[in-house]
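Per-entry structural report
These are the residues of each chain, in order.
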Amino acid sequence: MGRRTVWWLGRALPAAGAALVAVLVPTWQTGTADAAGTQPVGGDRGGTRPITADAGTMRTVGADGGGARTTARDAVADAEPTPYAFAEDATSVDGATGTTGAARLEPGKAYRSSIGKDGKLYYRLVLDDVSSAYVSATAVPRPGTSISYSDGIKVSVQDGNSRNCSFSGTAHFGATQSSHPIAAWATRETSGRPYACRTAGTYYVVVERSGTAGSSSGVWDLELDYVSEPGLRKAGSTTAPETWNSATPEPLTGDPQRRRGGAGFSTATSLRQGIWQDGISPGQTLFYKVPLDWGQQLYATAALGSSGRGEGSVGTALVMSLYNPVRGFVDDVGSGYDGGQRSAALEPLPAVAYENRYALSDRVSGMRFAGSYYLVVHLAAQVADRFGDGPLGLTLSVRRDGAVRAGPSYAGRPEPRDAFDVPADDSDDQADDGAEADGSVGGASPAGGGSDRADGTGAGSDGATMRVVAAGGIGTGSLLMLILGVWTVLARRRSVPAPEDADTASAAVPAPWERGAPRSW
């Protein structure tokens, strides 16, 4: 090795040091305010948000977990309506007007399609005799589409003789008469009771668009989602619970945390227990998801802030809908708006249990899986006519109660494999405006005290500092180990004669601290 080794070290070590600095400096700077008083926005939203201290402020959690202050006006300043966010990996597929030639859907995959007025489209499934299939269709009217109360989307799963395998789900735009994404679902079930369609074979998903003669003729986009649930190793109870804790829980306390909602199911923002603040504009729909484990109950309230302008009222202005992990409708609640603050809360729901599927009520049977439950909040476009384009302040209070218990013993894995998973840290990996990517900040505690963090500690800026210390320690230790390792190897080679054809001879290499680092280092 000889001089070539020293030459290599002379170039490699400075390069390694430069790489370490390059890693540490951005980490140190993450989430800090610059001289202009701006803060990087988390996630993929880009841009910066002003940090101010003013009357009527709320706490905003920065990327480093620090509690900056931002005004309520800033809190909603970037809540402009955005188009529905389809799944990035969605495959485009054309629905057939009949069963012949219907495209096949695969479990665990998302698809994008479209449907015209009075349309009826077919898609094909190939099912075994043990798994349950859940197919949802999210209808997304295109911009400028007029909507009536009865307009909606219907989904069913049928066998080769046109018999419905179970219920047919229908979703309507309802009293808001405002264009926004709505989702309906249908199933082929095999567990417990003697459902139809128990045999293996070919089945068809039928998606229909409903409405009145005066409905808009515009095309609606569709997002199709197909989840397969494995059967059980051993059959259990087929009786749904008849009672559950329906008492109103203690209100949550603490500072609301900033969290921007997503624009679709696939980009829904993860929330854990706490009070979360956002902004919503007329015509906008925001998506959030709350992880629920077996045995847990969900309580959710949506509150719309007061407006400083406008007059009159809108009958149904705010709607919050709850969907289960397969995008099946569970329940919804709405509220009017007259410029004053208004809130709407979901009625108490049963704890998540496999047996809930045997209930007749949607709001009970829908609570059949562990996993991420979706809160979808829409503000009617008509609000703009009386109170301006907004945005208005939106506050979500999310609470989970109940002890986690063991779930069913499945005989296989669902598709997608994480369909019914509950993240260990109650959060996704997506950095967002109001929380760290690991969900380490945000939320609130029940009345009576407690921290606004899941681990019982207050949010602070020490997280970034500790990351720097950890990274620095690891980087420095790695460099020292590299130097010592090379020096040891070379020292052991001192007594080994150099080959006659070698261009250099091995020489003793001093330890860096003995005679100073070689000039070439």
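Attention in this report is confined to the structure presented alongside it.

About the criteria used
Residue numbers here run from 1 along each chain, matching the order of that chain's written sequence. It should be noted that, the model being predicted, local features are given only for residues of pLDDT at least 70 and side-chain atom pairs only at 80 or more, the latter also being counted only at that level, while totals for whole chains, interfaces and linings use all residues. Neither water nor hydrogens contribute to the side-chain values; these are computed over all heavy atoms in the structure. Criterion for a disulfide: a pair of cysteine sulfur atoms within 2.5 Å. Counting from the N terminus, the helices are the DSSP runs of H or I reaching at least four residues and the strands are the DSSP runs of E reaching at least two. Throughout this description, buried means an accessible area under 20% of the type-specific maximum (1.4 Å probe, protein chains only), exposed means over 50%, and partly exposed covers the range between. Here, strands pair whenever DSSP counts at least two bridges between them. Nitrogen and oxygen atoms within 3.5 Å of one another constitute a polar contact, given that in protein one can donate a hydrogen and the other can accept it, and given that sequence-neighbouring residues count only through two side-chain atoms. In this description, contact between two residues means that some pair of their heavy atoms is separated by no more than 4.5 Å. What makes a salt bridge here is a side-chain nitrogen of Lys or Arg within 4 Å of a carboxyl oxygen of Asp or Glu, nothing more. The term nonpolar core refers to a set of buried residues drawn from Ala, Val, Leu, Ile, Met, Phe, Trp, Tyr and Cys, joined through side-chain atoms within 4.5 Å. A residue counts as positive if it is Lys or Arg and as negative if it is Asp or Glu; His and the chain ends are not included. Angles here are taken between N-to-C directions and fall from 0 to 180 degrees, while the axes themselves are lines fitted to C-alpha atoms, restricted in helices to the stretch in contact.

Enumeration according to the criterion identifies one disulfide in this entry. Each disulfide pairs two cysteine sulfurs, and for cysteine 165 the partner residue is cysteine 197, the sulfurs being separated by 2.2 Å. Handedness here is read from the sign of the S-S torsion; for cysteine 165 and cysteine 197, about -90°, the answer is left-handed. You can see cysteine 165 sitting in the loop between strand S9 (152-158) and strand S10 (169-172) and its partner cysteine 197 sitting in the loop between strand S11 (182-188) and strand S12 (201-210), a full 32 residues away along the chain. Across the pair, exposure class does not vary: cysteine 165 and cysteine 197 are buried alike.

This paragraph deals with the pairing of S12. Where strand S7 (residues 120-127) and S12 come together, eight bridges link them in antiparallel fashion. Within S12, the residue paired with leucine 125 across the bridge is tyrosine 203. In the sheet, S9 pairs with S12 via seven bridges, with the strands oriented antiparallel. Bridge assignment links lysine 154 to a residue of S12, and that residue is glutamate 208.

Its location among the elements puts serine 113 in strand S6 (residues 110-115). Of the residues examined, serine 113 reaches a relative accessible area of 7% and is grouped as buried. Within the structure, the side chain of serine 113 is placed 2.8 Å from the backbone oxygen of valine 93, a separation counted as a polar contact. Contacts of serine 113, omitting those with residues within four sequence positions, involve Val93, Asp94, Gly95, Tyr123, Asp221 and Leu222.

With that settled, the discussion passes to the pattern of salt bridges. As enumerated under the stated definition, the model contains 11 salt bridges in all. Salt-bridge contacts for arginine 188 lead to aspartate 128; the nearest nitrogen and oxygen are separated by 3.9 Å. Highlighted residues: arginine 188 in strand S11 and aspartate 128 in the loop between S7 and strand S8 (132-141), separated in sequence by 60 residues. The residue arginine 163 makes a salt bridge to aspartate 159 at a minimum N-O spacing of 2.8 Å. Relative accessible area serves as the criterion here: at 9%, aspartate 159 is assigned to the buried category.

Ranked by size, the top nonpolar core spans 50 residues in total, and within it Met320, Leu322, Leu375 and Val383 carry the most contacts. Listing elements by their share of this core, those giving two or more residues are strand S17 (274-280), strand S18 (285-292), strand S19 (297-304), strand S20 (314-323), strand S21 (329-337), strand S23 (371-379), helix H4 (383-387) and strand S24 (392-401). Per-element accounting of this core gives the leading share, five residues, to S20. Counting residues in each nonpolar core, the second largest holds 30 residues, with Leu105, Tyr111, Leu127 and Ala184 among its members.

A word on the sheet that holds S8. Read from one edge to the other, the open sheet built from five strands follows the order S5-S6-S13-S8-S11, with strand pairing classed as mixed. The open sheet has two free edges, formed respectively by strand S5 (91-92) and S11, since each of these has just one partner strand. Note: S6 against strand S13 (residues 220-229), six bridges, orientation antiparallel. Its bridge partner being in S13, serine 113 is matched across the sheet by leucine 222.

With respect to the helices, strands and loops of the structure, arginine 209 is situated in strand S12. Despite its burial, arginine 209 remains without a salt bridge, the nearest opposite charge being carried by aspartate 151 at 6.2 Å. Only 3.4 Å separates the side chain of arginine 209 from the backbone oxygen of isoleucine 115, close enough to count as a polar contact.

Pairing in this open sheet of four strands is antiparallel, and the strands run S7-S12-S9-S10 from one edge to the other. Each having just a single partner strand, S7 and S10 make up the two edges of the open sheet. This sheet shows a mean twist of 15° between the axes of neighbouring strands, independent of strand direction.

Along the polypeptide, proline 107 turns up in the loop between S5 and S6. Through-space distance from the C-alpha of proline 107 to that of tyrosine 226 is 5.1 Å; in sequence the pair is 119 residues apart. If we ignore the near neighbours within four places in the chain, the residues touching proline 107 are Tyr226, Ser228 and Glu415.

Of note, the bond from glycine 390 into proline 391 is cis; its omega dihedral lies within 30 degrees of zero at 10°. Mapped onto the elements of the fold, proline 391 is located in the loop between H4 and S24. Put simply, glutamate 415 and proline 416 share a cis peptide bond, and its omega is 0°. Mapped onto the elements of the fold, proline 416 is located in the loop between S24 and strand S25 (445-446). A positive phi angle is found at serine 162, which is not glycine, with a value near 65°. Following the sequence through the fold, serine 162 ends up in the loop between S9 and S10. In this structure serine 162 comes out as exposed when scored by relative accessible area, which is 56%. Positive phi values are uncommon outside glycine, yet arginine 327 reaches one of about 65°. Here arginine 327 shows up in the loop between S20 and S21. A relative accessible area of 6% places arginine 327 in the buried class.

Moving on, we come to the environment of glycine 393. Examined against the element boundaries, glycine 393 turns out to sit in strand S24. Between the alpha carbons of glycine 393 and glycine 279 there is a distance of 4.6 Å; along the sequence they are 114 residues apart.

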